[in-house]
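# Descriptive analysis of the structure
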Amino acid sequence: MSTTQAGDAVGDDDALLGEAGAVLGDDEEIDAATVRVYQLRVTHPTDLVSQLAARAGLDRKQVSQAEKKLSQLGLLQRSPSGGWVAISPESAAEALLAPLERDILQQRIAMAATREQLHALSGDYLEARSMRSAKSSIEVVEGIENVRAVIDDLARTCTTSLESMQPGGGVTDAAVRAALPLDMELLSRGIAMRSLFQHSARRHRSTVQYVERLTTAGGSVRSTGTLPSRMLIYDRECVVLPLDPLATAAGAAIVRDPSVLSFLCQVFEQCWEEGRDFIEPDVAEPGTEPVGMEREVLLLMATGRTNDDIALRLGVSQRSVSRTVAQLMTRLGATNRFQAGVRAAELGWLTVQDPAEA
């Protein structure tokens, strides 16, 4: 039986359920008058309607309506000799529901057959997936829904590690809701997870809460000044990159080429080594070398970049950069950016920092 046929059969079953439920509404119960008529028919099967009405204290119309309902439920049957024969509730239920139970059994058989047909395609799926995973392939996936489907599949089949880069000022609430269940499931399976954010994400409430959930579950999270691109690395065998870094919903490139894969893994490792624990304080003690985003602003300022350039590179607002620059110049006792650069160089604040000391 095809899936369409199975669906049609389930529809037929719904119709049968509707017919059985039509006797009594969803919230309707057998009223007291009907119960009284049923009891009297048990003891007075040959009474006329008028006689039964007198015994029950009801009018003839109420008795007739009650008998009709009882007949539909199978609790009353016409006697060949006249009158009504009361049927036990157990026998009535058996007679009324037996056709339904038979059809439900048939639907279960049809569902099992459909499931078997679909499971029979597993070999074809795995074969096609292995072809897609050819080591020389770079696959382009367009459209956000298709990208999500591929990511769900990669997460489900991930066996050892997931590493990610998340540039920008933070993760949106919608992105957190979509990612967190997958991340928790991966961590529960013992997958080693490392995530990189920019320092600016430390000021984003949803991102901080998301990171707290990840680290509590066993994930490792760091932040760094800049990140080259959004990136997901599964099992060191596959990398997901956006087709357009400025419009990630447009699509993604699924990279499995060994040489490209190796390069991208090295990029991640370099960024990871330069990063700091996400939960570490982002403000240096007075008189000490700046850390976190403050250090990144200083390094970029020393190269001659404007506040707008720095804000764009670090994924923060221009106002935040202006405030940080003002704080740095105050700490350095400088009246302009050139003096700040000279003073920072004299203090050794512009030297490359050893990741082990970060």
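Numbers given to residues run from 1 along each chain, matching the order in which its sequence is written. Thresholds applied to this predicted model are a pLDDT of at least 70 for local features of residues and 80 or more for the giving and counting of side-chain atom pairs; totals over whole chains, interfaces and linings are not thresholded and use all residues. Each side-chain value is worked out from all heavy atoms of the structure, with water and hydrogens disregarded.

Should DSSP find at least two bridges between two strands, the strands are regarded as paired. Helix and strand labels come from DSSP, where a helix needs a run of H or I of at least four residues and a strand needs a run of E of at least two; each type is numbered from the N terminus. Spatially, eight strands are ordered β3-β9-β8-β7-β4-β5-β6-β10 in an open sheet, and the strand pairing comes out mixed. What marks the edges here is a single partner per strand, and that holds for β3 (138–142) and β10 (276–277). In this structure, strand β7 (residues 231–234) lies alongside strand β8 (residues 238–242), joined through three bridges in antiparallel fashion. By the bridge assignment for β8, Ile233 is matched with Val239. Across the sheet, helix α9 (residues 205–216) lies against β5 (192–198) and β6 (220–224), angled at about 160 degrees from β5, the strand it touches most. Throughout, a residue-residue contact means that at least one pair of heavy atoms, one from each residue, lies within 4.5 Å. Note on method: axes are straight lines fitted to C-alpha atoms, helices fitted across the in-contact stretch only, with angles between N-to-C directions ranging 0 to 180 degrees.

Our focus in this paragraph is the confidence of the model for the chain. The quantity called pLDDT is the predictor's confidence in a given residue, expressed from 0 to 100. Averaged over all residues, the pLDDT of the chain is 80; the fraction at 70 or higher stands at 84%. When pLDDT is averaged over each element of the chain, β7 comes out on top at 95 and helix α1 (residues 3–21) at the bottom at 42. Within the model, pLDDT remains below 50 along residues 1–22, and this stretch shows 19 contacts once partners closer than five positions in the same chain are excluded.

In this section: the pairing of β6. Pairing between β5 and β6: five bridges, direction parallel. By the bridge assignment, Phe197 is partnered in β6 with Ser223. Crossovers are marked right-handed if the path from the first strand over the helix to the second runs clockwise, as seen with the strands pointing away from the viewer. Of the crossover connections in this fold, the one passing from β5 over α9 to the parallel β6 is right-handed. When β6 meets β10, the two strands line up antiparallel, connected through two bridges. Residue pairing across strands places Ser223 opposite Arg276, the latter belonging to β10.

Taken N-terminus to C-terminus, the directions of helix α3 (residues 49–56) and helix α4 (residues 60–72) make an angle of 105 degrees; their axes are 9 Å apart at the nearest point. Taken together, the axes of α3 and α4 lie roughly perpendicular to each other. Taken together, the residues of α4 that come into contact with α3 (itself represented by Val49, Ser50, Leu52 and Ala53) are Arg60, Val63, Ser64 and Glu67. Class assignment of the residues belonging to the contact of α3 with α4 gives a composition of four nonpolar, two polar and two charged. Small angles under 35 degrees read as roughly parallel and large ones over 145 as roughly antiparallel, with 65 to 115 read as roughly perpendicular and the rest as oblique. For this classification, Asp, Glu, Lys and Arg are treated as charged, while Ala, Val, Leu, Ile, Met, Phe, Trp, Tyr, Cys and Pro are nonpolar and the rest, including Gly, are polar.

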